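# What the coordinates show
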Amino acid sequence: MQQYSSLPEQNSQVDTTPSLLATIQQLRAELWLECSLNKLQSRLNDYLLSVSASTLQVEATAAEIFQTVVDELDVALNNSRVAIALPQPQTTLAQVCYVSTSASALEVTPQKGKKLRLQLTQMVEVSDLQRLASQQPPSAWPLTNNSEMIGWLIIAKAPREVLTASQIQLKPELFTRVTQQLTNALAQFKQIQSWQQLSQNIGNSNQELERTNQLKNQFLANTSHEIRTPLSSIIGFTHLLLAQGYEPSRERHQEYLNIIQSSGKHLLALINDILDLSKIEANQLEVQPEEVNVPELCRNVLALVKEKAANKGLKLRLELDPSVTTLVADPLRLKQMLLNLLFNAVKFTCTGEVGLKVIPQAEFVNFTVWDTGIGISQLDQEQLFQPYFQIANSVTNRDEGTGLGLVVTKKLAEIHGGSVEVESKLNQGSRFTIILPVTPVTEVLEHPKAQTDAADITLCASNIVPSSNFRILLVEDDLPNGQLMQTYLERLGYQVTWIKNATAIWSTLAQQTPGLILIDIQLPDENGLDVVKQLRQNAEYQKIPVIAQTAMAMKGDRETCIASGVNEYISKPLDLPLLAALVAKYIQLPPPASEASPS
């Protein structure tokens, strides 16, 4: 049987025609191209991965990308010398920012008779780079991303070409694909940086939310404690007074009532702190300025702090510059600011002194509250004026208060056109200074005008004179409040008809004409302000004075009530003497009946 062999015969020759050699050279050139591109892409990917795993500076990481490109091209082209020039904003120049490590400079010829020796940091005309890009073969390649010019890739002509003919033919493709890899890497790098920034922002937001949540939880815990303490006194002493068989002496009975009233006022102060914070967050905290007698106000404030200081054995001091006599400010808010600082000073001082120093400074007045207490660390000072923040208090072994006093104080000072400063060192005491202008800023003066404008809207406030009709129609759905007002007003001599909803108003008015209507705003069947508007639209009832009494106590509530047609506004919890004064403004009680002569 005949056998065949795949080996050439002894005298046969291998095909070495030019066609086969060209094919091999072409394959080698394509392999060189792909290997060079793959190596460059691998290094770029490594850099991008390092960027995504760290927080490197934008400029440094981008520089590594550019430098990687010039170095890898330099290797691929056998030390042909490569550079990248970046355009300079608002000029016609580009700066050579990256040069391959194998050469300190590279020479290019943008036009006949003009040779450029480009070194690191050297400036080159963009027009010369454009000429290099238009040459055949090109010596510069534009780097663009979505029509945005990033820079120029510059390739110097080697003194002696070391590439094969097939590689030289693939150089344009190499440069085109390298520029694309570079622009893609820069775009990915920019996207990674964007994601990192977003992640950092989310992380910061989460930390801030967590911190705020912790502070609010602490705030709620402290507020719960602060509310329960006076509530315990109110409920406990009320229970004693109501207990069958317990008959305290008149003095003890009065003492219990004073404690109940004091605890109630403390509760109201806590609620006002929380309301003030809500107004701050809504940018609605406001003041009502007037001329303040500074020495008198300061003495009154210290009198309120005197008992707390005495209980801890602390001395109180007042240093008042004689030249400081008056100041234009909201007296209640100024007192609130000083009390906040003074109560804090007493709370954080175990032994020594607490003082208030008032001195003039140019167009301002400085109110400095100082103490010899535990002091405040620098870290805590940076957070003092943040809502809910409280310093750990080793003096009292617990956190008293709501942590809102300093926040409110700072905002009130700013609304007055002033500021609050703090100086403190641990175990060396603290100094808080309220700096207020002698004359308030313009925005402080806007509030009284707003009240006047609102009063002008009232249909009948200006032409009502006190009448002798001492009948009062009380519209109140809350039983304890209704009973309180009816009892109090009847003791003053008024005749009070109490109804509990808006529907009963009209039938009651059909039977009697009161000298005044005292109406709650939040009624179960209708809004009290809508009822007032209906009254003002009825000629028969237009002249009846109306006082709104309501728990609405935010900014604009009074103006809203006045604009609806009420004559006066009083907020809950009711100040009974103020209520009596408002009612007396519209009703003139008959003189008390003279005692009957003996028969």
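None of the values given here were measured: they were computed from a predicted structure.

### Considerations on unusual backbone geometry
Following Gln 136, the chain continues into Pro 137 via a peptide bond in cis, with omega recorded as -5 degrees. Of note, Pro 137 is situated in the loop between α3 (126-134) and β6 (140-145). In this model, Lys 572 is joined to Pro 573 through a cis peptide bond whose omega is 0 degrees. Residue placement: Pro 573 occurs in the loop between β19 (568-571) and α15 (576-586). Not every positive phi belongs to a glycine, and Gln 90 is a case in point at roughly 60 degrees. With respect to the element layout, Gln 90 can be found in the loop between β1 (82-87) and β2 (93-99). Accessibility expressed as a relative area gives 86% for Gln 90, which makes it exposed.

### A short note on the sheet that holds strand β5 (residues 123-125)
The antiparallel open sheet is built from five strands, whose spatial order is β5-β2-β1-β7-β6. For this open sheet the edge positions go to β5 and β6, each flanked by a neighbour on one side alone. Shown here is a sheet whose adjacent strand axes are inclined to one another by a mean of 35 degrees, direction ignored. As paired elements, β6 and strand β7 (residues 148-155) share six bridges and run antiparallel to each other. Directly across from Asn 145, in β7, lies its bridge partner Glu 148.

### Focus: the sheet that holds strand β12 (residues 364-371)
Across the sheet, five strands lie side by side as β9-β11-β12-β14-β13; this open sheet has mixed pairing. Two strands bound the open sheet, and with one partner strand each, they are β9 (315-320) and β13 (419-424). In this sheet, neighbouring strand axes are inclined to one another by 15 degrees on average, regardless of whether the strands run parallel or antiparallel. With eight bridges connecting them, strand β11 (residues 353-361) and β12 associate as antiparallel partners. Residue pairing for β12: Ile 359 is matched across the bridge by Asn 366.

### Here we look at a nonpolar patch on the surface
Judged by side-chain polarity, Leu 20, Leu 21 and Ile 24 come together as a nonpolar surface patch covering roughly 240 Å² of accessible area. Take Leu 21: it is sitting in helix α1 (residues 18-52). Residue Leu 21 is classed as partly exposed on the basis of its relative accessible area of 46%.

### Overview of the nonpolar core
Nonpolar side chains in soluble globular proteins generally cluster together in the buried interior. Leu 334, Phe 367 and Ile 434 are the most contacted members of the largest nonpolar core, which has 44 residues in total. Among the secondary structure elements, those contributing two or more residues to this core are α5 (250-281), α6 (294-311), β10 (326-329), α7 (331-347), β11, β12, α9 (405-415) and β14 (430-437). Considering each element in turn, this core owes the most residues, eight residues, to α7. Leu 48, Val 51, Leu 143 and Leu 182 belong to the second-largest nonpolar core, a separate cluster that totals 35 residues.

### Some thoughts on α1
For α1, which comprises 35 residues, the first-to-last C-alpha distance of 50 Å matches the rise-based estimate of 51 Å (1.5 Å per residue) to within 8%. Among all positions of α1, only Ala 29, Trp 32, Leu 33, Ser 36, Leu 37, Leu 40, Leu 44, Leu 48 and Val 51 are buried.

### Some points on the packing of aromatic side chains
Under the defined criterion, the tally for this structure stands at four aromatic pairs. Taking the centre distance of 5.1 Å and the plane angle of 25 degrees together, the rings of Phe 66 and Tyr 98 count as stacked. Taken as a pair, Phe 66 in helix α2 (residues 58-76) and Tyr 98 in strand β2 lie far apart in primary sequence, 32 residues in all. The ring of Trp 498 carries the charged tip of Lys 500 above its face, separated from the ring centre by 4.2 Å.

### Here's the deal with the pattern of salt bridges
Going through the model one piece at a time under the given rule, you end up with 14 salt bridges. Residue Glu 34 pairs with Arg 177 through a salt bridge whose shortest N-O separation is 2.9 Å. Placement of Glu 34 in helix α1 and of Arg 177 in helix α4 (residues 165-242) is noted, with a sequence separation of 143 residues between them. Since its relative accessible area comes to 31%, Arg 177 is described here as partly exposed. In this structure, Lys 114 engages Asp 128 in a salt bridge whose closest nitrogen and oxygen atoms are separated by 2.8 Å. Taken together, the positions of Lys 114 in strand β4 (residues 114-119) and Asp 128 in helix α3 put the pair 14 residues apart, joining distant regions of the chain. Several salt bridges converge on common partners, so that one network encompasses Glu 34, Glu 173 and Arg 177.

### Things to note about the side chain of Glu 476
Note that Glu 476 resides in the loop between β15 (471-475) and α11 (479-492). For Glu 476, the side chain forms a polar contact with the main-chain nitrogen of Asp 478, separated by 2.8 Å. Polar side-chain contacts of Glu 476 include one of 3.0 Å to the side chain of Lys 572. If near-sequence neighbours (up to four positions away) are discounted, Glu 476 is found in contact with Asn 481, Gly 482, Met 485, Trp 498, Ile 499, Lys 500, Asp 520, Gln 549 and Lys 572.

### Side note on the pairing of β14
For a regular strand, side-chain orientation follows a simple rule: the groups alternate between the two sheet faces. By the criterion of burial, β14 is predominantly enclosed, with seven of the eight residues buried. Pairing analysis gives six bridges linking β13 to β14, with the strands arranged antiparallel. Residue pairing in the sheet places Ser 424 in a bridge with Ser 430 of β14. Connecting β13 to the next strand, β14, in antiparallel fashion are five residues, including Asn 427 with a positive phi near 65 degrees.

### Quick notes on the confidence of the model for the chain
Predicted confidence across the chain gives a mean pLDDT of 82, with 86% of residues reaching 70 or more. In this model, residues 442-462 is a region of pLDDT below 50 whose contacts with residues beyond four sequence positions or in other chains number 29 contacts.

### A word on the environment of Leu 412
Counting through the fold element by element, Leu 412 comes out in helix α9. Once you skip the residues sitting within four places of it in the chain, Leu 412 turns out to touch Leu 285, Val 287, Arg 333, Gln 336 and Met 337.

### A look at the packing of helix α12 (residues 503-511) against helix α13 (residues 528-537)
Remark: α12 packs on α13, axes separated minimally by 11 Å, with the N-to-C direction vectors making an angle of 35 degrees. You can see that α12 and α13 cross each other, and the crossing is right-handed. Seen from α12, the contacting residues are Ile 505, Trp 506 and Leu 509; seen from α13, they are Val 531, Gln 534 and Leu 535. Here the residues of the contact of α12 with α13 sort into five nonpolar, one polar and no charged.

About the cut-offs
Residues numbered from 1 in each chain as written. Predicted model: local features only at pLDDT ≥ 70, side-chain atom pairs only at ≥ 80, totals over all residues. Heavy atoms only, no water. Helix = DSSP H or I, 4+ residues; strand = E, 2+ residues; numbered from the N terminus. Buried < 20%, exposed > 50% of the residue type's maximum accessible area, 1.4 Å probe, protein only. Pairing = 2+ DSSP bridges. Axes fitted to C-alpha atoms, helices over the stretch in contact; angles between N-to-C directions. Patch = residues over 30% accessible without salt bridge, like charges linked within 9 Å, V, L, I, M, F, W, Y side chains within 5 Å. Areas by Shrake-Rupley, 256 points an atom, 1.4 Å probe, with all protein chains shown as cover. Salt bridge = Lys/Arg side-chain N within 4 Å of Asp/Glu carboxyl O. Core = buried A, V, L, I, M, F, W, Y, C linked by side-chain atoms within 4.5 Å. Expected span 1.5 Å × (residues − 1). Phe/Tyr/Trp six-rings, centres within 6.5 Å; stacked < 30°, edge-to-face > 60°. Lys NZ or Arg CZ within 6 Å of the ring centre and 35° of its normal. Polar contact = N/O pair within 3.5 Å; in protein donor to acceptor, adjacent residues only side chain to side chain. Contact = heavy atoms within 4.5 Å. pLDDT = per-residue confidence, 0-100. Left-handed = near helix turned anticlockwise from the far one by under 90°. Nonpolar A, V, L, I, M, F, W, Y, C, P; charged D, E, K, R; others polar.

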